[in-house]
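Tertiary structure, described
Spelled out from the first residue to the last, the chains are:
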Amino acid sequence: TATGEIKAISNLGRTSKGKYYEKRNYAIWESHEPGSTFKLASLLAVLDDKKIDTSTVVDTEKGRIFIHGAKVEDSHRGGYGKISAARVFEVSSNVGIVKLIKEHYDHQPEKFIEKLEKYGFTKPIGFQIKGEGKPKIPVPSDKSWSKISLEWMSWGYGVSVTPMQTLMFYNAIANNGVMVKPRFIKELRTQDKTEKVFKTEVLHPKIASQETINKVRKIMENVVVRGTAKEIYSPNFSMAGKTGTAKKFVQKHTDKDGKIVSAGYSNKRYVASFAGFFPAENPKYSCIVVIHDPKKDRGYYGGSVAGPVFKEI
């Protein structure tokens, strides 16, 4: 957490025959829509700008709202009614986070994007390893910017980031706001002689006030205690983090029955993730788990698919 040293990366793909193989360094190469793990950026921004507090009440209504004709829906049918902003994050209410960002940044989306820049999402981290994925954060001057771009960003859609960027951001929360660059090499040696030492590189000395950092860390701990990741709670050691469940955007294609399927978000294909750190009080390690196309009939939510892997690690 403090040094940014990468202890391990595991990248596994699976063939149609069920065999595992290693093809790419997905953690660095793959830029994709993160879904709900991105809500941490939204919550941190709106708290740090002092537009809300953790106790601010949000009406999530019946778990479904429409913005300019586009539907935002909670996974919990019937919604959560009126809940605090902290609880919005714990239960991962899409309606709740969208309402908060819409209310406070709709008239000034640039302010929200400035925060995302500060959090390291707008440009590649810049590794000496080739092939780092390019993030995509829309801005109002883009031709593709629409009336719902800001709101969709708030819950991790319409943006594209690498797992390593998400982890770097989460690690900054664990590291009391100090954002350090992920580091793969400690030093270069020739026989017994040290040729070059690579020190910890601080990318941002403080991404948010300590007060805000303390608040979100507590909420992230509660995600595991009583939120979407309560399945992985353990009385033996503490964890903090956030689950992510994102529908995959599938391009126009012909299915196995020969029917043409138009482009859009799939109701069958998901990306399940969990990003967090442990122990919750004085974090030593940060970790992200991303699983593509989990078997839907066995569960596809970040809490039940990616969370247990995080706990095992």
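The text that follows walks through the structure, step by step, so that each part is easy to find.

On the secondary structure map, Ser149 appears in helix α6 (residues 149–154). On the basis of relative accessibility, which here comes to 12%, the residue Ser149 falls in the buried class. Looking at Ser149, its side chain comes within polar contact range of the main-chain nitrogen of Ser146, at 2.8 Å.

What follows is about a positive patch on the surface. A cluster of basic side chains, namely Lys247, Lys256, Lys268 and Lys296, defines a positive patch on the protein surface. Among the structural elements, Lys256 can be located in the loop between β12 (253–254) and β13 (260–261). For Lys256, a relative accessible area of 84% puts it in the exposed group.

Quick look at the packing of helix α2 (residues 39–48) against helix α7 (residues 163–174) now. Packed helices, taken two at a time, are described by the angle between their axes plus the distance between the axes. Following both chains from N to C, one finds α2 and α7 inclined at 45°, their axes separated by 11 Å at the closest point. With respect to α7, the element α2 is oriented oblique. The two elements α2 and α7 cross, and the hand of that crossing is left-handed. Taking contact as the criterion, the partners of Leu40, Ala41 and Leu44 in α2 are, on α7, Phe169, Tyr170 and Ile173. Counted by class, the contact of α2 with α7 contains 6 nonpolar, no polar and no charged residues.

Ranked by size, the top nonpolar core spans 73 residues in total, and within it Leu116, Tyr119, Phe121, Phe169, Ile173 and Ile207 carry the most contacts. It is α7 that contributes the most residues to this core, 8 residues altogether. Not counting the four nearest positions on each side in its chain, Tyr119 is found in contact with Ala41, Leu44, Ala45, Phe169, Met179 and Ile207.

Here the focus is helix α4 (residues 94–105). Helix length check: α4 (12 residues) gives 16 Å between terminal C-alpha atoms against 16 Å at 1.5 Å per residue, within 8%. Burial analysis of α4 places 9 of its 12 residues in the buried class, the great majority of the element. Among the residues of α4, Asn94, Val95, Gly96, Ile97, Val98, Leu100, Ile101, His104 and Tyr105 are the ones counted as buried. Between the side-chain oxygen of the N-cap and the backbone nitrogen of Gly96 there are 2.9 Å, and the N-cap of α4 in question is Ser93.

With respect to burial, strand β11 (residues 240–250) is a largely interior element, 9 of its 11 residues being buried. Relative to strand β14 (residues 264–278), β11 runs antiparallel, the two being bridged by 10 bridges. When the sheet's bridge partners are listed, Gly244 is paired in β14 with Ser273.

Another point: the sheet that holds strand β15 (residues 285–292). Sheet architecture is open: 3 strands sit in the order β11-β14-β15, paired in antiparallel fashion. Two strands close off the open sheet at either side, each with one partner strand: β11 and β15. Direction aside, neighbouring strands of the sheet carry axes that sit 20° apart on average. Note: β14 against β15, 8 bridges, orientation antiparallel. Looking at β15, one finds that Phe274 is bridged to Val289. Across the sheet, α7 touches β11, β14 and β15, and the angle it forms with β15 is around 150°. Against the sheet, helix α8 (residues 210–226) makes contact with β11 and β14, and its axis sits at roughly 75° relative to β11, the strand it touches most.

Another point: the packing of aromatic side chains. A complete count under the given rule lists 12 aromatic pairs for this structure. Judged by centre distance (5.6 Å) and plane angle (75°), the rings of Trp152 and Trp155 are edge-to-face. Exposure remark for Trp152: the relative accessible area of 14% places this residue in the buried category. Ring centres of Phe278 and Phe310 lie 5.4 Å apart, and the angle between their planes is 85°; on these two criteria the pair is classed as edge-to-face.

Once that is clear, we can look at α2. Within α2, 10 of the 10 residues are buried, which leaves the element mostly enclosed by the surrounding structure. Among all positions in α2, only Lys39, Leu40, Ala41, Ser42, Leu43, Leu44, Ala45, Val46, Leu47 and Asp48 are buried. A positive phi of about 55° marks Lys50, the residue just after α2.

Rules of the game
- Residues numbered from 1 in each chain as written.
- Predicted model: local features only at pLDDT ≥ 70, side-chain atom pairs only at ≥ 80, totals over all residues.
- Heavy atoms only, no water.
- Helix = DSSP H or I, 4+ residues; strand = E, 2+ residues; numbered from the N terminus.
- Buried < 20%, exposed > 50% of the residue type's maximum accessible area, 1.4 Å probe, protein only.
- Polar contact = N/O pair within 3.5 Å; in protein donor to acceptor, adjacent residues only side chain to side chain.
- Patch = residues over 30% accessible without salt bridge, like charges linked within 9 Å, V, L, I, M, F, W, Y side chains within 5 Å.
- Areas by Shrake-Rupley, 256 points an atom, 1.4 Å probe, with all protein chains shown as cover.
- Salt bridge = Lys/Arg side-chain N within 4 Å of Asp/Glu carboxyl O.
- Lys, Arg positive; Asp, Glu negative; His and termini not counted.
- Charge placed at Lys NZ, Arg CZ, Asp CG, Glu CD.
- Axes fitted to C-alpha atoms, helices over the stretch in contact; angles between N-to-C directions.
- Parallel < 35°, antiparallel > 145°, perpendicular 65-115°, else oblique.
- Left-handed = near helix turned anticlockwise from the far one by under 90°.
- Contact = heavy atoms within 4.5 Å.
- Nonpolar A, V, L, I, M, F, W, Y, C, P; charged D, E, K, R; others polar.
- Core = buried A, V, L, I, M, F, W, Y, C linked by side-chain atoms within 4.5 Å.
- Expected span 1.5 Å × (residues − 1).
- Pairing = 2+ DSSP bridges.
- Phe/Tyr/Trp six-rings, centres within 6.5 Å; stacked < 30°, edge-to-face > 60°.

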